[in-house]
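Okay, here's what each chain looks like letter by letter:
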Amino acid sequence: MKSNLSILSFGVISKKPSPHPKVGRFTAASLLAVLLLLEGGMFSSHSLPPALLEKVFQYIDLHQDEFVQTLKEWVAIESDSVQPVPRFRQELFRMMAVAADTLQRLGARVTSVDMGSQQLPDGQSLPIPPVILAELGNDPTKGTVCFYGHLDVQPADQGDGWLTDPYVLTEVDGKLYGRGTTDNKGPVLAWINAVSAFRALEQDLPVNIKFIIEGMEEAGSVALEELVEKEKNRFFSGVDYIVISDNLWISQRKPAITYGTRGNSYFTVEVKCRDQDFHSGTFGGILHEPMADLVALLGSLVDSSGHILVPGIYDEVAPLTEEEINTYKAIHLDLEEYRNSSRVEKFLFDTKEEILMHLWRYPSLSIHGIEGAFDEPGAKTVIPGQVIGKFSIRLVPHMNVSVVEKQVTRHLEDVFSKRNSSNKMVVSMTLGLHPWIANINDTQYLAAKRAIRTVFGTEPDMIRDGSTIPIAKMFQEIVHKSVVLIPLGAVDDGEHSQNEKINRWNYIEGTKLFAAFFLEMAQLH
């Protein structure tokens, strides 16, 4: 950490967390005023109130240990939604109750919506944790920003390779380790912390704020879409903008704004001869073996350069523009660091632009596994009687899920027919999620950029996410409001993995970012 105060090129002061939080602050307000005037056209009519900004940032710095303590308390709740067992469901209900109480103490009007129960494949029924709908402020002259977050987590067990207890927040060298720290309890709390700073300073919130917080995101956001549809003309009727903070930067130190994600079509292809397996000594050489058919089918989908071989699959991919190419050129990505941190010897592409484009704006096909095959240690001479291959295609604008389903099915049927196999083949698409992309010229994207310059002193990377975040597309299609993803976590946070963490710096500066975002939205709305 180089210094406590850094003068930024866009005329605002960013305060880094410091063991001596009062150092250097006596000049901050005056410097802010001077620098804001220097900004000229960009801020001349939209300058943030420097004294208020300084007060809010000071408050956040001085109370950062309290914010970390609250995160510790939230991490201690084992709100695992993936494992369908009563104990974890009880923890989920407890987590949602704690969050509702936290918002009520801030003065929010909170409704915990009963979501009913979830029927599991084994016939078991488990209650779905409530979804929190909360509101702070209803001033018709102000913009209304709705924040989405989730408080459920992926499974975690120290025996699986965690260096610390995943449910005990542990700080090591400024890194806060624990399940849910970056996905998504930390970002949810950062938003709440930003609100609490204005409340504690007895300042009016610059915007009206709404929350929608769920507890089943990691399990597919069970029943959430129905709720959003139901509340479209009620809870969401006055909402102007929607903010999600549920992904990561592409670097360790440079912040980002995410304006697009890929979709996902997940397929299974089943090849069946009979229900029972065969002995290879008795039947090998006289059968069309299901595994051989399946391997041929899977091998027909993608070549060694990553190019998808399904005819027509690229036909609807949005054309590449010069403006988009320049966006990739502006992104900071150290390829050597990225390769080393990924622990791979070589990528398919050699330039930053090619890698980013194939992660974000071109489709990819991945083969995930084979069900029914022998995969245990040892040498079992079996011919599987029935096997199921699993693969998925990450979709990009303007690909259509139903068109992709037809293209893939037709391709596999053609390949299978040429093998003249007596086996039966069935292709199924088990998941179809459309890609999402936003207009980066929307008001809240400009506000987010300005807030990032205020806090971090740099232009953000404008990125897409190669994964799928269905909630963004859902909000955009149902509520018809602008959606922005403002991640807080660094690329190495390890969401879903062992030793998940969020850096204290990201958590605290992220809290400031949201506070500055409120003020920018008020100016620009």
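Residues numbered from 1 in each chain as written. Predicted model: local features only at pLDDT ≥ 70, side-chain atom pairs only at ≥ 80, totals over all residues. Heavy atoms only, no water.

**A short note on the side chain of S300**
Our working definition: Strands are runs of DSSP state E lasting at least two residues, helices are runs of H or I lasting at least four, and both sets are numbered from the N terminus onward. It only takes one pair of heavy atoms within 4.5 Å for two residues to be counted as in contact.
Note that S300 resides in the loop between helix 8 (290-299) and helix 9 (322-330). If we ignore the near neighbours within four places in the chain, the residues touching S300 are L309, H411, L412 and V415.

**Some points on the UniProt feature "binding site: Mn(2+) 2" (unreviewed entry) in the protein**
As a reminder of what qualifies: UniProt positions are given in the numbering used here, feature names are shortened, and annotations may be inferred rather than shown by experiment. The rule is simple: take the accessible area with a 1.4 Å probe, protein chains only, and divide by the maximum for that residue type; under 20% is buried, over 50% is exposed, in between is partly exposed. Polar contact criterion, stated in full: a pair of N or O atoms within 3.5 Å, where within protein one must be able to donate a hydrogen and the other to accept it, and residues adjacent in sequence count only if both atoms are side-chain atoms.
When the UniProt feature table is mapped to this numbering, "binding site: Mn(2+) 2" (unreviewed entry) covers H150, D183 and D246. Judged by maximum C-alpha separation, these annotated positions cover 97 residues in sequence but sit close together in space, the widest gap being only 8.4 Å. Its place among the elements puts H150 in strand 7 (residues 144-150). Not counting residues up to four positions away in its chain, the partners in contact with H150 are D183, N184, K185, V188, E214, E217, E218 and D246. Structurally, D183 is set in helix 5 (residues 181-200). On the basis of relative accessible area, D183 is assigned to the buried category, the value being 4%. Filtering out sequence-adjacent residues up to four positions away, D183 remains in contact with H150, D152, V153, E218, D246, E495, H496 and E500. Among the polar contacts listed, one links the side chain of D183 to the side chain of H496, at a separation of 3.1 Å.

**As for the packing of helix 3 (residues 64-75) against helix 5**
Basically, it comes down to this: Note on method: axes are straight lines fitted to C-alpha atoms, helices fitted across the in-contact stretch only, with angles between N-to-C directions ranging 0 to 180 degrees. What sets the label is the angle itself: under 35 degrees gives roughly parallel, over 145 gives roughly antiparallel, 65 to 115 gives roughly perpendicular, and the rest give oblique. Should the near helix be turned counterclockwise from the far one by less than a right angle, the crossing is left-handed, whereas a clockwise turn marks it as right-handed. Residue type decides the class: Asp, Glu, Lys and Arg count as charged, Ala, Val, Leu, Ile, Met, Phe, Trp, Tyr, Cys and Pro as nonpolar, and the leftover types, Gly among them, as polar.
Closest axis-to-axis distance for the helix 3/helix 5 pair is 10 Å, and the angle between their directions is 140°. It follows from the interaxial angle that helix 3 and helix 5 lie oblique. Helix 5 is crossed by helix 3, and the crossing has right-handed handedness. Packed against helix 3, whose contacting residues are F67, T70, L71, W74 and V75, the element helix 5 presents T181, K185, G186, V188, L189, I192, N193 and S196 at the interface. Grouping the constituent residues of the contact of helix 3 with helix 5 by class yields 7 nonpolar, 5 polar and 1 charged.

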